[in-house]
Amino acid sequence: MSGPEDSPAQPDEFEQIARLYRPLTRGAPEALGLLDDAAVIPQRPGFDLVVTKDALVEGVHFPAGEALDLVARKLLRTNLSDLAAMGAEPYGYFLAVAWPSGTDFAARQLFADGLRLDGEAFELNLLGGDTVSISGPMVASLTLLGWVPQGRAVRRAGARPGDLVMVGGPIGDGGLGLRAVMGQLDDPDGYLAERYRLPRPRLDLVASLRNQASACADISDGLIADAGHIARASGVALRLALDRMPLSRAGATWLADQPDRRQALMTLATSGDDYELVLTAPPEAAAGLGLPVIGVVEAGEGVEVLIDGKPATTGQRGWTHP
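Quick caveat: nothing in here was measured; it's all calculated off a predicted structure.

Colleague: Could you give me a rundown of the pattern of salt bridges, with the residues and numbers involved?
Modeller: Under the definition given, this model contains twelve salt bridges. R197 is paired through a salt bridge with E66; the nearest N and O atoms lie 2.9 Å apart. In this pair, R197 sits in helix α5 (residues 191–197) while E66 sits in the loop between β1 (47–57) and α2 (68–85), placing the two residues 131 residues apart along the sequence. A salt bridge links R202 to E276, with the nearest nitrogen and oxygen atoms 2.9 Å apart. Note that R202 is positioned in the loop between α5 and α6 (206–212) and E276 in the loop between α9 (261–270) and β8 (277–281), a separation of 74 residues in sequence. For R202, a relative accessible area of 15% gives the class buried. Exposure remark for E276: the relative accessible area of 5% places this residue in the buried category. Each of the salt bridges in this network shares a partner with another, and the network as a whole consists of D173, R195, R202, D204 and E276.

Dropping the structure here:
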């Protein structure tokens with residue numbers, strides 16, 4: 001793992017690597033003690049290596065001034081959600097951080113503490129990476145590796161007419177959580193803010209997905225948008241009933257307070273940052289998954305949205321990157 005020269009006021013590049021990042025390898029031999037510029041990944045017979053990469057930008061994906069341990073944990077968890085959607089077990093990760101000039105060692109230590117906490121919780125080892133200094137906002141990028149039995153990765157392209165559409169859990173908490181973090185929504189117990197800051201990757205569903213799901217995507221851009229990714233990749237249409245979306249207690253309370261229920265349901269389905277899963281499965285397999293059913297797969301293209309049986313105009317379907 002390589003990085004820039006640092007000012008004499010704080011540990012230099014190699015001392016920072018030793019103190020902040022080498023402990024995150026958890027002794028993994030593949031990391032070579034972070035003494036080289038690359039890692040060596042052994043083959044695992046009978047498995048495919050799954051690789052995903054996401055980045056978080058200060059002021060775009062997290063508010064300026066957010067606690068850096070929480071930023072680090074969210075970075076890991078958003079990538080873990082991508083692996084979960086493909087039915088893969090996490091293995092290790094590579095990290096790149098662009099630190100704003102003048103970021104002190106204590107701030108960098110806090111970021112590393114977050115990585116350590118969730119690295120232990122999810123049994124993940126740092127395998128390498130890079131750090132640099134920039135004049136703009138902080139950017140953190142993570143490349144995550146996982147293993148899936150050969151040929152068993154769950155893709156977006158497998159949905160077929162007649163399949164049922166399901167979600168892994170409550171929809172809309174991420175978007176409401178961002179409002180809570182920004183002070184735009186009451187959140188007395190902090191539940192919504194935590195759901196935004198610390199998403200819960202559905203690794204508990206990995207084995208079931210491999211055995212029963214025909215297609216899957218994680219819900220980062222919003223339920224409707226990510227269902228659309230499945231529709232496009234599979235060459236089918238998805239018909240969703242938003243009134244059947246599962247909601248948390250906080251989400252249901254917010255919905256009950258809104259003057260326009262239809263618009264509020266659309267807001268929950270398009271806000272993004274849920275990091276739940278939207279998936280499809282044949283009816284016989286769907287019963288075994290035991291997840292909330294919110295729609296069906298049909299011949300055609302795109303996503304049709306219904307509320308109480310009536311078509312809904314969707315407008316903006318979710319987060320899109322400029």
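Colleague: Now, about the packing of aromatic side chains: what can you tell me, with residues and values included?
Modeller: Scanning all chains against the criterion turns up two aromatic pairs. Judged by centre distance (5.6 Å) and plane angle (55°), the rings of Y91 and W147 are tilted. In this pair, Y91 sits in strand β2 (residues 89–100) while W147 sits in strand β4 (residues 139–149), placing the two residues 56 residues apart along the sequence. The burial state of Y91 is the same as that of W147; both residues are buried. Positioned over the ring face of F47 is R44, at 3.8 Å from the centre of the ring. The lysine or arginine in question, K74, covers the ring of Y196, its NZ or CZ lying 3.6 Å from the ring centre.

Conventions adopted
Counting from 1, residues in each chain are numbered in the order their sequence is written. Local features in this predicted model are restricted to residues of pLDDT 70 or higher, and side-chain atom pairs are both shown and tallied only at a pLDDT of 80 or more, whereas totals for entire chains, interfaces and linings draw on every residue. As a rule here, side-chain values come from all non-hydrogen atoms in the structure, and water together with hydrogens is ignored. Any Lys or Arg side-chain nitrogen found within 4 Å of a carboxyl oxygen on Asp or Glu counts as a salt bridge. Elements are defined by DSSP. Helices are runs of H or I of four residues or more, strands are runs of E of two residues or more, and each kind is numbered from the N terminus. Each residue gets one of three labels from its accessible area relative to the maximum for its type: buried under 20%, exposed over 50%, partly exposed in between, using a 1.4 Å probe on protein chains only. The rule is short: rings of Phe, Tyr and Trp, with Trp giving its six-membered ring, pair when the centres are within 6.5 Å, and they are stacked under 30 degrees, edge-to-face over 60, tilted in between. Charge over a ring is defined by NZ of Lys or CZ of Arg lying within 6 Å of the ring centre and within 35 degrees of the ring normal.

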